[in-house]
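Residues per chain, in single letters:
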Amino acid sequence: MAAEIQPKPLTRKPILLQRVEGSQEVVNMAVIVPKEEGVISVSEDRTVRVWLKRDSGQYWPSIYHAMPSPCSCMSFNPETRRLSIGLDNGTISEFILSEDYNKMTPVKNYQAHQSRVTMVLFVLELEWVLSTGQDKQFAWHCSESGQRLGGYRTSAVASGLQFDVETRHVFIGDHSGQVTILKLEQENCTLVTTFRGHTGGVTALCWDPVQRVLFSGSSDHSVIMWDIGGRKGTAIELQGHNDKVQALSYAQHTRQLISCGGDGGIVVWNMDVERQETPEWLDSDSCQKCDQPFFWNFKQMWDSKKIGLRQHHCRKCGKAVCGKCSSKRSSIPLMGFEFEVRVCDSCHEAITDEERAPTATFHDSKHNIVHVHFDATRGWLLTSGTDKVIKIPPTNPASPDIDLLMKWYEQEGPVMLRCLHPALHSLLLSIVSVFTLLISPLCRPLTSNMYM
Ligand SMILES: [Zn+2]
Ligand SMILES: [Zn+2]
């Protein structure tokens with residue numbers, strides 16, 4: 001059964017709230033606190049919230065902190081409990097969370113950007129805070145001194161940021177569809193290369209440091225897997241969404257990629273299968289199967305007294321073919337096409353049923369996901385969306401099997417944390433703390449007496 005943090009009498013009126021607040025109040029990012037049954041969320045309504053699972057099985061707020069500006073992103077380091085929050089005003093605010101996750105103490109602020117921070121990443125090993133902003137700047141700061149170490153101007157506003165600690169390469173995906181790779185030194189950076197494969201903006205990046213593979217999600221509905229470790233320039237397109245891909249997460253131990261779309265679709269990709277690159281589309285003035293001229297080929301049309309045809313391309317062999325010679329459709333999962341695409345008749349015959357077996361599973365989260373977090377150690381999946389809701393599957397026997405987890409997610413109904421209006425949330429928090437204050441002194445002597 002789904003549990004909700006929402007006292008019944010305080011029914012939400014979304015329309016009224018939206019009008020009063022004048023903002024979307026989207027939960028921009030939420031993460032699972034490893035080892036604790038807790039969740040940290042940052043939101044457009046300027047709040048940082050920590051929720052802890054109580055003995056009752058329900059999530060109750062333990063921290064509610066209002067920031068001076070909407071919170072656009074965050075980076076949480078569990079070892080140091082350091083929380084870096086990117087704000088709409090360009091500042092990155094750093095806090096340390098107490099061991100019991102009931103308090104957050106401010107550490108420092110970085111004046112990192114001229115406008116909204118779009119991504120922030122804390123790298124413990126190097127004591128660096130990496131960030132991108134709406135000012136089209138990538139910047140890195142020293143987390144010890146708070147000093148800015150350097151910057152780089154990106155071609156467009158960045159919305160994906162990943163870092164490889166071992167080689168100090170940073171990957172930046174931007175709204176123009178480009179992925180930029182920089183090599184960072186202590187105080188300078190060099191451009192290594194840029195990738196361009198999407199027809200829409202890059203919305204999310206995910207780096208697998210073991211296989212040395214980079215995944216980029218895009219508003220063009222596709223995910224591209226860039227094989228950097230293979231050093232052959234292989235890029236494989238994964239087509240399994242009907243809407244913008246907005247969030248990615250990767251489970252290293254099972255080699256599964258989780259991609260989430262604007263329509264609520266979650267696709268779990270098996271990355272343990274060998275996929276092939278899609279072929280280049282061939283150029284031809286006539287159908288490469290039946291030799292009928294295409295409509296711009298006036299000479300052949302005149303010579304053969306035939307009407308010119310429209311050109312199509314077979315997704316499997318890349319040949320230029322007419323509509324008649326490519327009337328059939330097929331999925332080609334081993335080329336990343338989980339949906340049916342145009343293939344020429346001979347390729348259609350050649351594709352076996354085995355080759356048509358899906359290499360991904362499809363799920364419906366029923367909300368517009370803007371962020372996903374997968375905690376592989378416990379098999380927890382968290383999604384946050386524009387509907388102000390954070391969804392986590394109910395407690396399960398710590399299964400790292402994502403497909404099993406997704407079944408739970410869909411069948412049982414996830415636990416939903418509704419981000420209430422800030423005033424309601426702080427009221428709820430005070431009730432919890434007053435209750436704890438009143439109850440705990442009563443409990444302690446009782447329990448200690450019992451064992452004396
Ligand atoms: Zn033809
Ligand atoms: Zn073909």
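Residues numbered from 1 in each chain as written. Chains lettered and ligands numbered in written order. Predicted model: local features only at pLDDT ≥ 70, side-chain atom pairs only at ≥ 80, totals over all residues. Heavy atoms only, no water.

## Quick word on the coordination of the zinc ion (ligand 1)
Part 1: For the zinc ion (ligand 1), the protein coordination sphere consists of C287 (SG), C290 (SG), C322 (SG) and C325 (SG), at 2.3 Å.
Part 2: Relative to the metal, the four donor atoms surrounding the zinc ion (ligand 1) lie at angles of 103 to 116 degrees, and the coordination shape comes out tetrahedral.
Part 3: Donor residues binding the zinc ion (ligand 1) come from one chain and are separated in sequence as C-x2-C-x31-C-x2-C. Taken together, the residues C290 in the loop between β23 (265-270) and α2 (298-304) and C322 in the loop between β25 (320-321) and β26 (328-332) connect sequence positions 32 residues apart.
Part 4: A relative accessible area of 35% places C290 in the partly exposed class.
Part 5: Under the relative-accessibility criterion, C322 is labelled buried at 2%. (Donors = N, O, S within 2.8 Å, 3.2 Å for Na, K, Ca; no water. Tetrahedral: all angles 85-135°; square planar, octahedral: opposite > 155°, others 65-115°. Helix = DSSP H or I, 4+ residues; strand = E, 2+ residues; numbered from the N terminus. Buried < 20%, exposed > 50% of the residue type's maximum accessible area, 1.4 Å probe, protein only.)

## Description of the sheet that holds strand β21 (residues 245-251)
Part 1: Across the sheet, which stays open at both edges, the four strands sit in the order β21-β22-β23-β28 with antiparallel pairing between neighbours. Looking along the sheet, the strands with just one partner apiece sit at the ends: β21 and β28 (360-364). Across the sheet, the axes of successive neighbouring strands diverge by a mean angle of 20 degrees, strand direction being ignored.
Part 2: As paired elements, strand β22 (residues 256-261) and β23 share five bridges and run antiparallel to each other. By the bridge assignment for β23, Q256 is matched with N270. (Pairing = 2+ DSSP bridges. Axes fitted to C-alpha atoms, helices over the stretch in contact; angles between N-to-C directions.)

## A word on the packing of aromatic side chains
Part 1: Scanning all chains against the criterion turns up nine aromatic pairs.
Part 2: Considering the side-chain rings of F138 and W140, the 5.8 Å spacing of their centres and the 20 degrees angle between planes classify their relative orientation as stacked.
Part 3: For F138, a relative accessible area of 0% puts it in the buried group.
Part 4: Residue W140 is classed as buried on the basis of its relative accessible area, which comes to 0%. (Phe/Tyr/Trp six-rings, centres within 6.5 Å; stacked < 30°, edge-to-face > 60°.)

## Describing the coordination of the zinc ion (ligand 2)
Part 1: Donor atoms from the polypeptide that coordinate the zinc ion (ligand 2) comprise C314 (SG), C317 (SG), C344 (SG) and C347 (SG), at 2.2 to 2.4 Å from the metal.
Part 2: Its four donor atoms give the zinc ion (ligand 2) angles of 102 to 123 degrees at the centre, a pattern that matches the tetrahedral case.
Part 3: The sequence motif formed by the donor residues of the zinc ion (ligand 2) is C-x2-C-x26-C-x2-C.
Part 4: The class of C314 is buried, set by a relative accessible area of 0%.

## Here we look at the UniProt feature "repeat: WD" (unreviewed entry) in the protein
Part 1: As annotated in UniProt, the feature "repeat: WD" (unreviewed entry) corresponds to residues 20-51, 195-228 and 238-279 in the numbering used here.
Part 2: Here residues 195-228 runs as 0% helix and 62% strand, with 11 Å between its end C-alpha atoms. (UniProt positions renumbered as here; feature names shortened; annotations may be inferred.)

## Some points on the sheet that holds strand β16 (residues 189-196)
Part 1: Strand order in this open sheet of four strands is β13-β14-β15-β16, and the pairing throughout is antiparallel. The open sheet has two edge strands, β13 (158-164) and β16, and neither has a second partner. Taking the axes of each pair of neighbouring strands and ignoring which way they run, one obtains an average angle of 20 degrees across the sheet.
Part 2: Two strands pair when backbone bridges link them, and strand β14 (residues 169-174) and strand β15 (residues 178-184) are joined in this way by five bridges, in the antiparallel orientation. When the bridges of β15 are listed, F171 appears paired with I181.

## A few points about the nonpolar core
Part 1: Of all hydrophobic cores here, the largest spans 28 residues; its most connected members are I40, V48, F76, L83, I85 and L97.
Part 2: Among the elements of the structure, β1 (27-33), β2 (38-43), β3 (47-53), β5 (71-77), β6 (82-87), β7 (91-97), β8 (104-111) and β9 (117-123) are those that each provide at least two residues to this core.
Part 3: If you tally residues by element for this core, the top one is β5, at four residues.
Part 4: Residues contacting V48, with those up to four places away along its chain left out, are I40, S41, V42, I63, Y64, H65, M67, C71, L83, I85 and M104.
Part 5: Ranked by size, the runner-up nonpolar core spans 17 residues in total, among them W128, L130, A158 and I172. (Core = buried A, V, L, I, M, F, W, Y, C linked by side-chain atoms within 4.5 Å. Contact = heavy atoms within 4.5 Å.)

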